[in-house]
Amino acid sequence: MAASSSPQPQFMTNTANRSLSNQPLIDDIECDQIVVPDKKSWKNIFAYIGPGFLVSIAYIDPGNFQTDLQAGAQYKYGLLWIILLASFAALVIQSLAANLGVVTGKHLAEHCRKEYAKVPNFILWVIAEIAIVACDIPEVIGTAFALNMLFKIPVWCGVLITGLSTLTLLLLQQYGVRKLEFFIAFLVLTIAICFFVELGYAKPDPSEVLQGLFVPQLKGSGATKLAISLLGAMVMPHNLFLHSALVLSRKIPRSVNGIKEACRYYLIESGLALMVAFLINISVISVSGAVCNSPSMSPDDRDKCEDLDLNKASFLLKNVLGNWSSKLFAIALLASGQSSTITGTYAGQYVMQGFLDLRLKPWIRNFLTRCLAIVPSLVVSLIGGSGGAGDLIIIASMILSFELPFALIPLLKFTSSKTKMGSHANPVAVSAATWVIGTLIMGINIYYLAEKLVTSLRDSNLGKAAKVLCGILGGSCLLVYLSSILYLAIRKNKEGTHLLALTGQEGLQVSDINNLPREDILRMQLPQQRTTN
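Conventions and cut-offs
- Residues numbered from 1 in each chain as written.
- Predicted model: local features only at pLDDT ≥ 70, side-chain atom pairs only at ≥ 80, totals over all residues.
- Heavy atoms only, no water.
- UniProt positions renumbered as here; feature names shortened; annotations may be inferred.
- Helix = DSSP H or I, 4+ residues; strand = E, 2+ residues; numbered from the N terminus.
- Polar contact = N/O pair within 3.5 Å; in protein donor to acceptor, adjacent residues only side chain to side chain.
- Expected span 1.5 Å × (residues − 1).
- Buried < 20%, exposed > 50% of the residue type's maximum accessible area, 1.4 Å probe, protein only.
- Contact = heavy atoms within 4.5 Å.
- Phe/Tyr/Trp six-rings, centres within 6.5 Å; stacked < 30°, edge-to-face > 60°.
- pLDDT = per-residue confidence, 0-100.
- Disulfide = S-S within 2.5 Å.
- Salt bridge = Lys/Arg side-chain N within 4 Å of Asp/Glu carboxyl O.
- Axes fitted to C-alpha atoms, helices over the stretch in contact; angles between N-to-C directions.
- Parallel < 35°, antiparallel > 145°, perpendicular 65-115°, else oblique.
- Left-handed = near helix turned anticlockwise from the far one by under 90°.
- Nonpolar A, V, L, I, M, F, W, Y, C, P; charged D, E, K, R; others polar.
- Core = buried A, V, L, I, M, F, W, Y, C linked by side-chain atoms within 4.5 Å.

The name an unreviewed UniProt entry assigns to the protein is Metal transporter Nramp1, from the organism Capsicum annuum. Quoted straight from UniProt, the Sequence similarities (unreviewed entry) entry for the protein says "Belongs to the NRAMP (TC 2.A.55) family." The annotation that UniProt attaches to the protein under Subcellular location (unreviewed entry) is "Membrane".

Here you go:
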């Protein structure tokens, strides 16, 4: 397909009938299609590799590093079980998101738009956009910390520079997004190897590590706050929209067996990608916990551990890298933040297209999101310095955890629905497990909000009337939060998916989805420079 010579508008909307919503939104960008052979072979898995690893980048972004470092420094190995729980939950949830896209040919945001009325759909879109901005805040601050370590640039100046860094990243991707992603992955893998090697020097007690992994414990409000941050940094709402859309870039055999194979291979691919992220997060917490709780630690390092953030964490790698520790850690931190920008851009495009049928050009979309993230990051870094900026990363991760139910519950409802998924709907055991996981995540969030409200009112110096008023306001907000979750959980699905493959007849070919793979999904990814005839 030759590229069109007409200029590309800044945004386009689909004004056609809803039945034509799969039509491409952009007509002048060429795209590569990955076709899965219509034959049974283990080699088919190579055609599916990509979406899961792209999604897993968000599990090792600066937000994860920050929460991991603080969890190890403050509670040693006591919160490792959160990483294990979150990784298991992420594997199950991300596989459900992939299944939704594979089976129905539509991603999660599109299903929400079709299923809910205008007002709930708009609210869900706003919440999803807030989640993307909250995810971008750690990337902004992580990039600013990296620039501070590399060039001694003040953190607040680094925050401003990140607005230009995203445009530079999009410019470089014109020369091949795959090459850039491999380079970034190499840098992040380098720092991961450094933490693995540092484990040999730190020598964490294996019995304590195993106890932290398999014995749940939360010692006080501070531990609950970090647990919520770890959950938010691991299981991100925007990743559910992202994964359900990325799988639509493959052209799979549209038969019952072909769909089952695609779901199985996407599960394997997600498992491999999330295993790497799990090991990296475990190693960061273990190194931080072992070094910061060592009796032989120097007074200077002990001061750093008391208020540990990304800007001070390079001393943890001195045993491996010596004087180069801060430089290499900064480069990997910069790579981690900028690689996460790619997933944030993709997710933002899919969310906007799915909920609103609206799509911005990639650089405009990314720049707007980055500007929204820069404002709070700049204010906090000017007032609180690097310590305040590090705390903002924790707050952003908590926001992600609080918003998770508004993406997770629709996903669980849709993938458990026979009218949407047919014979590919979740089995009873999977549905029960996913609802238990979701209930645990929501339970920790609600427990923290209620406890924080009570302790804040109890310890404040306000008068009785002011305390009562604040209690009513806080309780009302908590009630609205609970009511919104219950609405999504109790409401019955109304819209079905009309696919012949859902009948369960083996070998049946689907004739009414000839527009897969979704070319609009392919073209929504960041463009590469190509030659055309």
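Structure shown, so let's carry the discussion forward.
Caption draft 1: Spatial organisation of the environment of Ser 456. Here Ser 456 is to be found in helix H19 (residues 428-459). Sequence spacing of Ser 456 and Lys 467 is 11 residues, and the spatial spacing of their C-alpha atoms is 9.5 Å. At a separation of 2.6 Å, a polar atom in the side chain of Ser 456 contacts the main-chain carbonyl oxygen of Lys 452.

Caption draft 2: Just helix H15 (residues 325-356), in detail. An ideal rise of 1.5 Å per residue puts 46 Å on 32 residues; H15 measures up with 46 Å between its terminal C-alpha atoms. Extensive coverage of H15 is indicated by the burial of 26 of its 32 residues.

Caption draft 3: Broad picture of the environment of Val 235. Looking at the secondary structure, you find Val 235 in the loop between helix H10 (221-234) and helix H11 (237-246). When its relative accessible area of 1% is taken as the criterion, Val 235 is described as buried. Each C-alpha atom, one on Val 235 and one on Ser 397, is 9.8 Å from the other, the two residues being 162 residues apart in sequence. When neighbours within four sequence positions are excluded, Val 235 is seen to be in contact with Tyr 59, Ala 86, Ala 90, Ile 93 and Leu 404.

Caption draft 4: Structural view of the packing of aromatic side chains. Enumeration according to the criterion identifies 6 aromatic pairs in this entry. Arranged with centres 5.0 Å apart and planes meeting at 75 degrees, the rings of Tyr 48 and Tyr 266 form a pair that is edge-to-face. With Tyr 48 in helix H1 (residues 45-48) and Tyr 266 in helix H12 (residues 256-292), this pair connects stretches of sequence that are 218 residues apart. Accessibility assignment for this pair places Tyr 48 and Tyr 266 in one class, buried. Aromatic side chains Phe 122 and Trp 125 sit 5.5 Å apart centroid to centroid with 45 degrees between the ring planes, which places their arrangement in the tilted category. Residue Phe 122 and its partner Trp 125 are both found in helix H6 (residues 118-151); the two are separated by 3 residues, about one turn of the helix. Judged by relative accessible area, Phe 122 falls into the partly exposed class, the value being 46%.

Caption draft 5: A look at unusual backbone geometry. Within the chain, Lys 152 stands out as a residue other than glycine whose phi angle is a positive 60 degrees. In this model, Lys 203 sits at a positive phi of 50 degrees, which is unusual for a non-glycine residue. Along the polypeptide, Lys 203 turns up in the loop between helix H8 (177-202) and helix H9 (206-214).

Caption draft 6: Structural view of the confidence of the model for the protein. Mean pLDDT over the protein: 78, with 80% of residues reaching 70 or higher. Confidence, expressed as mean pLDDT per element, reaches its minimum in the protein at strand E1 (residues 11-13) with 33 and its maximum at helix H17 (residues 405-415) with 93. The low-confidence segment residues 1-31, where pLDDT is below 50, has 63 contacts with residues more than four positions distant or belonging to other chains. Low pLDDT, under 50, characterises residues 527-533; the stretch is placed with 17 contacts to residues that sit more than four places away or in other chains.

Caption draft 7: Representation of the state of the cysteines within the structure. Here the structure, examined in full by the defined rule, presents 1 disulfide. The disulfide bridge from Cys 292 ends at Cys 305, spanning 2.1 Å between sulfur atoms. The chirality of the disulfide connecting Cys 292 with Cys 305 is left-handed, given an S-S dihedral of about -75 degrees. With Cys 292 in helix H12 and Cys 305 in helix H13 (residues 299-306), this residue pair connects regions lying 13 residues apart in the sequence.

Caption draft 8: How the structure looks around the pattern of salt bridges. For the structure shown, the criterion picks out 3 salt bridges. Here Lys 76 makes a salt bridge to Glu 208, at a shortest N to O gap of 3.0 Å. Of this pair, Lys 76 sits in the loop between helix H3 (62-75) and helix H4 (80-104) while Glu 208 sits in helix H9, and the two are 132 residues apart along the sequence. Residue Glu 115 is joined to Lys 420 by a salt bridge in which the shortest nitrogen-to-oxygen separation is 3.2 Å. In this pair, Glu 115 sits in helix H5 (residues 108-115) while Lys 420 sits in helix H18 (residues 418-421), placing the two residues 305 residues apart along the sequence. In this structure, Glu 115 and Lys 420 share a single accessibility class: buried. Through salt bridges that share partners, Glu 115, Lys 420 and Arg 491 make up one connected network.

Caption draft 9: Expanded view of the packing of H17 against H19. Closest axis-to-axis distance for the H17/H19 pair is 11 Å, and the angle between their directions is 165 degrees. Compared by their axis directions, H17 and H19 come out roughly antiparallel. H19 is crossed by H17, and the crossing has left-handed handedness. Contacts between H17 and H19 pair Pro 405, Leu 408, Ile 409, Leu 412 and Lys 413 from the former with Thr 434, Trp 435, Gly 438 and Met 442 from the latter. Here the contact of H17 with H19 is built from residues that sort into 6 nonpolar, 2 polar and 1 charged.

Caption draft 10: Expanded view of the packing of H4 against H9. Across the interface, H4 lies against H9 with an axial gap of 6 Å and an inter-helix angle of 50 degrees. Regarding the angle of H4 to H9, the classification is oblique. The hand of the H4/H9 crossing is right-handed. Along its contact with H4, which presents Leu 80, Trp 81 and Leu 84, the element H9 presents Val 209, Gly 212, Leu 213 and Phe 214. For the contact of H4 with H9, the residue count by class is 6 nonpolar, 1 polar and no charged.

Caption draft 11: Seen up close, the nonpolar core. One finds Phe 329 and Phe 355 to be the most contacted residues of the largest nonpolar core, which totals 139 residues. With 17 residues, H6 is the largest single contributor of residues to this core. Not counting chain neighbours up to four residues away, the residues in contact with Phe 329 comprise Met 149, Ile 191, Phe 195, Leu 310, Ala 313, Ser 314 and Leu 317.

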